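# Close look at the chain arrangement
Residues per chain, in single letters:
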Amino acid sequence: MPETAAGPTESAPPRPATSGATIQLEDLSKSYPGSPAPAVDEVSMDIKAGETVILVGPSGCGKSTTLKMINRLIEPTSGRIRINDEDVTDMDPVKLRRKIGYAIQSSGLFPHMTVAENIALVPKMTGWSKSGVKDRVEEMLDLVGLDPREFHGRYPRQLSGGQQQRVGVARALAADPPVLLMDEPFGAVDPITRDHLQDELIRLQHELHKTIVFVTHDFDEAIKLGDRIAVLRERSHIAQFDTPEAILTNPTDDFVSGFVGAGAALKRLNLTRVRDVGIADFPTVTVEDPLQSIFNKLRDGQHNELLMLDRRNRPYKWLRRGDLMRAKGSLARAGQLVHDTVTRDATLHDALEAVLTDSGGRVAVTGRRGEFIGVVDMHTLMNSVQELLEADRLAAMEHEHDLEHLRAHRTEHELEGGGSGL
Amino acid sequence: MNFWEYLGTRHQQLLTDTYQHASAVFQCMVIATVLGVLIGVVSYRSGWGGSLAITSTSAVLTIPSLAAIGLLIPLVGLGVPPTVIILTLYGLLPIVRNCIVGLRGVDPSLVDAAKGIGMSRTRRLFKVELPLAWPPILTGIRVSTQMLMGIAAIAAYASGPGLGNEIFRGLASLGSANAINQVLAGTIGIVILALLFDAAYVLLGRLTISRGIRA
């Protein structure tokens, strides 16, 4: 097997982790005997190393088939696949698949094996040492946010849907493959869990820089996760392959804009994270502060409102100037409990949601362990959204301009070359 | 002589017969299991192959066992050979059928996942498909064993080993003093053996079926 750079076949697991590889699909087609039209028709796609590419399209458009041709679960009828510039179209598929992580809907965990056994499968097959495999299992569980001691020996049926999916991702990544294929991995879990899993995947990808090809029919998921999105129409024809921003602001045709759906401006909010906008400071007190000093701080006149933190520095209550009076000096009754907080990785969409629900028009931002970092208010959000949309518009105009230029150039070229391109 | 006295005087012979009965059934079950699973593994993927395997093994079952053993005597002689052949053939059907049903019942998305993470055809079969199909296969083995316990008694007709000898001897001398005792001893012996085997299978299931898929 021709190994790529630091292959995962050594007995000791290589660290730091292998990052992504490039993937090129060249005129990839799949036709099934007995059906006149191909299921996938000459797809060409260049995927950069470390990039997350989402294939999105209506059901039956061949996106899953395209994905499965990359690890040759479905053998292409014609065309080539290159991974890291190495032609893998005729390579032994079993060996190929061990270098490509694969995660599917409903997790695909083997019910008769424990969590640890499931995760250990690929490293074992690729010949890692026993202790290497064992360490790796713990590491992977940790990576996907499951406590190794607790989950190690459990069977898949003893896990919730979201936990199963995490283990599925851990198994896919266990042998440290440069490429990860995900076939609607979050399609079967409830919306709240799906949201969490998506956030986790973003975090993982931040650390690992794998090349991820991800299939979904949910455009919002595509926007949230993708560096680039390929919108596919029937037979896997690429309608548009571009960044989420470009697709939202400048869909190439009616099919794409139809698929993007209404509210592109609102969806734009999913693309920006809280850490990208100004997180403002906010005056705080802690529950341990003496009552008098809290009084004084409120009466000082500088702040109308204070945020009270609990013992572990987590947002606890909003206190307004009148609150203490009304509660007759009892801290326990005064103020309004903090209902919702967002992390720095939350999207502006989530932040806006939280701000709108809160009567005060602001939301507390917290760090990894829930500790207070700052606040985001309505005003900041509005401003940044306006800036974003403005920037998008400019980018779109530029893009349009480039396209025009390109088209003019091409026509010129074709006129000269006698239309050899057709 | 009452039944207990009969047991007391003949226990040596009875124990030998019981042992031989159990041993014949056990050995034929091992052969039938290996063959049955093999047939199942080879045929479950193709639609007609599976049907052919199930139909032909169930065709064997429709032949009355007494007739089958009688027909075998001119071909293979008396004693052990016809016994082994008959028991193995009759034991095949439940195993083949349950093996095919079990293997076909494995969630296709799991097979897909197994392929997708780079398991070869054989590894998939031994690590994923057979372990998942094992509970129904084990049920087939249990059913087969119960059936063979009874059929093994017929083997005595061809001078085969086992408790059938007691039964046939008793039936041949009906009216004599010990006839009923002989038939009873043989029958009860078979029932007890069947129960013991069944208990062993329950234990085997406990030991070999993964906790993750145990009902």
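Residues numbered from 1 in each chain as written. Chains lettered and ligands numbered in written order. Predicted model: local features only at pLDDT ≥ 70, side-chain atom pairs only at ≥ 80, totals over all residues. Heavy atoms only, no water.

- The name recorded for chain B in an unreviewed UniProt entry is ABC transporter permease, from Streptomyces atroolivaceus.
- One UniProt comment on chain B, placed under Sequence similarities (unreviewed entry), says "Belongs to the binding-protein-dependent transport system permease family." (UniProt positions renumbered as here; feature names shortened; annotations may be inferred.)

- In the nomenclature of an unreviewed UniProt entry, chain A is known as ABC transporter ATP-binding protein of Streptomyces atroolivaceus.
- In its Sequence similarities (unreviewed entry) section, the UniProt entry covering chain A states "Belongs to the ABC transporter superfamily."

### Re the overall build of chain B
- When its secondary structure is counted, chain B shows 8 helices and 0 strands.
- Overall size of chain B, expressed as C-alpha extent along the three principal axes, is 70 × 40 × 20 Å.
- Going through the 215 residues of chain B one by one, you find that 47% of them count as buried.
- When contacts within chain B are restricted to residue pairs at least 6 apart in sequence, long-range pairs at least 24 apart make up 77% of them.
- Total accessible area on chain B is roughly 10,400 Å²; 71% of this is exposed by carbon and sulfur atoms.
- For chain B, the distance from the average position of its 14 positive side-chain charges to the average position of its 7 negative side-chain charges is 12 Å. (Helix = DSSP H or I, 4+ residues; strand = E, 2+ residues; numbered from the N terminus. Buried < 20%, exposed > 50% of the residue type's maximum accessible area, 1.4 Å probe, protein only. Contact = heavy atoms within 4.5 Å. Areas by Shrake-Rupley, 256 points an atom, 1.4 Å probe, with all protein chains shown as cover. Lys, Arg positive; Asp, Glu negative; His and termini not counted. Charge placed at Lys NZ, Arg CZ, Asp CG, Glu CD.)

### Brief notes about helix α3 (residues 115-125) of chain A
- Among the 11 residues in α3(A), 9 count as buried, and that is most of the element.
- Residues Val115(A), Ala116(A), Asn118(A), Ile119(A), Ala120(A), Leu121(A), Val122(A), Pro123(A) and Met125(A) constitute the buried set of α3(A).
- Those residues of α3(A) that are buried are in contact with α2 (93-98), α4 (130-143), α5 (148-151) and α6 (161-173) of chain A together with α6 (121-154) of chain B.
- A positive backbone phi angle near 85° is found at Gly127(A), which sits one or two residues after α3(A).

### Structural notes on the environment of Val285(A)
Residues and elements named next belong to chain A.
- Inspection of the secondary structure puts Val285 in strand β11 (residues 284-286).
- With relative accessibility at 1%, the residue Val285 sits in the buried group.
- On a C-alpha basis, the gap between Val285 and Met308 in space is 4.9 Å, while along the polypeptide they are 23 residues apart.

### Considerations on the UniProt feature "domain: ABC transporter" (unreviewed entry) in chain A
- Following the UniProt record, the feature "domain: ABC transporter" (unreviewed entry) maps to residues 23-260 of chain A here.
- Counting secondary structure, residues 23-260 of chain A comes out at 39% helix and 23% strand; the distance between its end C-alpha atoms is 26 Å.

### Details of the sheet that holds strand β16 (residues 362-366) of chain A
All names here are of chain A.
- In spatial order, the strands read β15-β16-β17; together these 3 strands make up an open sheet with mixed pairing. The strands lining the two open edges of the sheet, one partner per strand, are β15 (341-343) and β17 (372-377). Strand-to-strand twist across the sheet, computed as the mean angle between neighbouring axes with direction ignored, equals 35°. (Pairing = 2+ DSSP bridges. Axes fitted to C-alpha atoms, helices over the stretch in contact; angles between N-to-C directions.)

### Examining unusual backbone geometry
Residues and elements named next belong to chain A.
- Even without a glycine there, the phi angle at Asp27 is positive, about 45°.
- Topologically, Asp27 is positioned in strand β1 (residues 23-30).
- Despite not being glycine, Asp176 has its phi angle at roughly 55°, a positive value.

### Description of the packing of aromatic side chains
- One pass over the structure, following the stated rule, counts 4 aromatic pairs over all chains.
- Ring plane angle 90° and centroid distance 5.4 Å describe the contact between Phe282(A) and Trp318(A), whose orientation is recorded as edge-to-face. Separated by 36 residues along the polypeptide, Phe282(A) in the loop between α11 (264-268) and β11 and Trp318(A) in strand β13 (residues 315-320) bring together distant segments of the chain. Side by side, Phe282(A) and Trp318(A) carry an identical accessibility label, which is buried.
- Consider the rings of Tyr157(B) and Phe168(B), whose centres lie 6.3 Å apart with planes at 40°: the pair is tilted. (Phe/Tyr/Trp six-rings, centres within 6.5 Å; stacked < 30°, edge-to-face > 60°.)

### Points about the UniProt feature "transmembrane region" (unreviewed entry) in chain B
- What UniProt calls "transmembrane region" (unreviewed entry) maps, in this numbering, to residues 24-44, 51-73, 79-96, 132-159 and 179-204 of chain B.
- Across residues 179-204 of chain B, the secondary structure splits into 100% helix and 0% strand, with the terminal C-alpha atoms separated by 38 Å.

### A word on the confidence of the model for chain B
- For chain B, the mean per-residue pLDDT works out to 89, and 100% of the residues sit at or above 70.
- Interface confidence for the predicted complex, given as ipTM, is 0.82, next to a pTM of 0.72. (pLDDT = per-residue confidence, 0-100.)

### A closer look at the packing of helix α2 (residues 47-62) of chain B against helix α4 (residues 80-104) of chain B
Residue and element names in this part refer to chain B.
- Interaxial distance between α2 and α4 falls to 8 Å at its minimum, and their mutual angle equals 155°. As far as their axial angle goes, α4 and α2 are roughly antiparallel. Remark: the crossing between α2 and α4 carries left-handed chirality. Between α2, through Gly47, Gly50, Ala53, Ile54, Thr57, Ser58, Val60 and Leu61, and α4, the contact on the second element is made entirely by Leu89, Tyr90, Leu92, Leu93, Val96, Arg97, Ile100 and Arg104. (Parallel < 35°, antiparallel > 145°, perpendicular 65-115°, else oblique. Left-handed = near helix turned anticlockwise from the far one by under 90°.)

### Structural notes on the packing of helix α3 (residues 65-76) of chain B against α4(B)
All names here are of chain B.
- Two elements in contact, α3 and α4, have axes separated by 9 Å at closest approach and are oriented at 135°. In terms of axis orientation, α3 runs oblique to α4. Viewed along their axes, α3 and α4 form a crossing whose handedness is right-handed. Of the residues in α4, those in contact with Ser65, Ala68, Ile69, Leu72 and Val76 of α3 are Pro81, Pro82, Ile85, Ile86 and Tyr90.
- Broken down by class, the residue content of the contact of α3 with α4 amounts to 9 nonpolar, 1 polar and no charged. (Nonpolar A, V, L, I, M, F, W, Y, C, P; charged D, E, K, R; others polar.)

### Focus: the UniProt feature "domain: ABC transmembrane type-1" (unreviewed entry) in chain B
- Following the UniProt record, one finds the feature "domain: ABC transmembrane type-1" (unreviewed entry) at residues 18-201 of chain B.
- With 84% helix and 0% strand, residues 18-201 of chain B has its two end C-alpha atoms placed 19 Å apart.

### Details of the sheet that holds β11(A)
Residues and elements named next belong to chain A.
- With mixed pairing, 4 strands are arranged side by side in an open sheet as β11-β12-β13-β14. Each having just a single partner strand, β11 and β14 (336-337) make up the two edges of the open sheet.
- Here strand β12 (residues 305-309) pairs with β13 via 5 bridges, running antiparallel. Following the sheet pairing, Leu306 is matched in β13 by Leu319.

### Side note on a nonpolar patch on the surface
- On the surface, a nonpolar cluster with roughly 650 Å² of combined accessible area is contributed by Leu171(B), Leu174(B), Ile180(B), Leu184(B), Ile188(B), Ile192(B) and Leu196(B).
- When residues of the nonpolar patch are assigned to their parent elements, the largest contribution, 5 residues, is made by helix α8 (residues 179-208) of chain B. (Patch = residues over 30% accessible without salt bridge, like charges linked within 9 Å, V, L, I, M, F, W, Y side chains within 5 Å. Salt bridge = Lys/Arg side-chain N within 4 Å of Asp/Glu carboxyl O.)

### Here's the deal with the layout of surface pockets
Residues and elements named next belong to chain A.
- Its boundaries defined by the atoms lining it, the largest pocket holds a volume of some 920 Å³.
- What lines the largest pocket is a set of 25 residues, among which Asp199, Thr343, Arg344, Asp345 and Ala346 lie closest to the centre.
- For the lining of the largest pocket, the secondary structure elements donating two or more residues are α7 (191-208), β15 and α14 (348-357).
- Looking at which element gives the most residues to the lining of the largest pocket, the answer is α7, with 8 residues.
- Put simply, the second largest pocket is a space of about 420 Å³.
- Taken together, 21 residues form the lining of the second largest pocket, with Ile202, Lys224, Leu225, Asp227 and Arg273 sitting closest to its centre. (1 Å grid on protein atoms, 1.4 Å probe; cavity = no way out; pocket = protein on both sides within 12 Å on 5 of 7 lines; lining within 4 Å. Points joined across faces, edges and corners; volume = space filled by probe spheres on them.)

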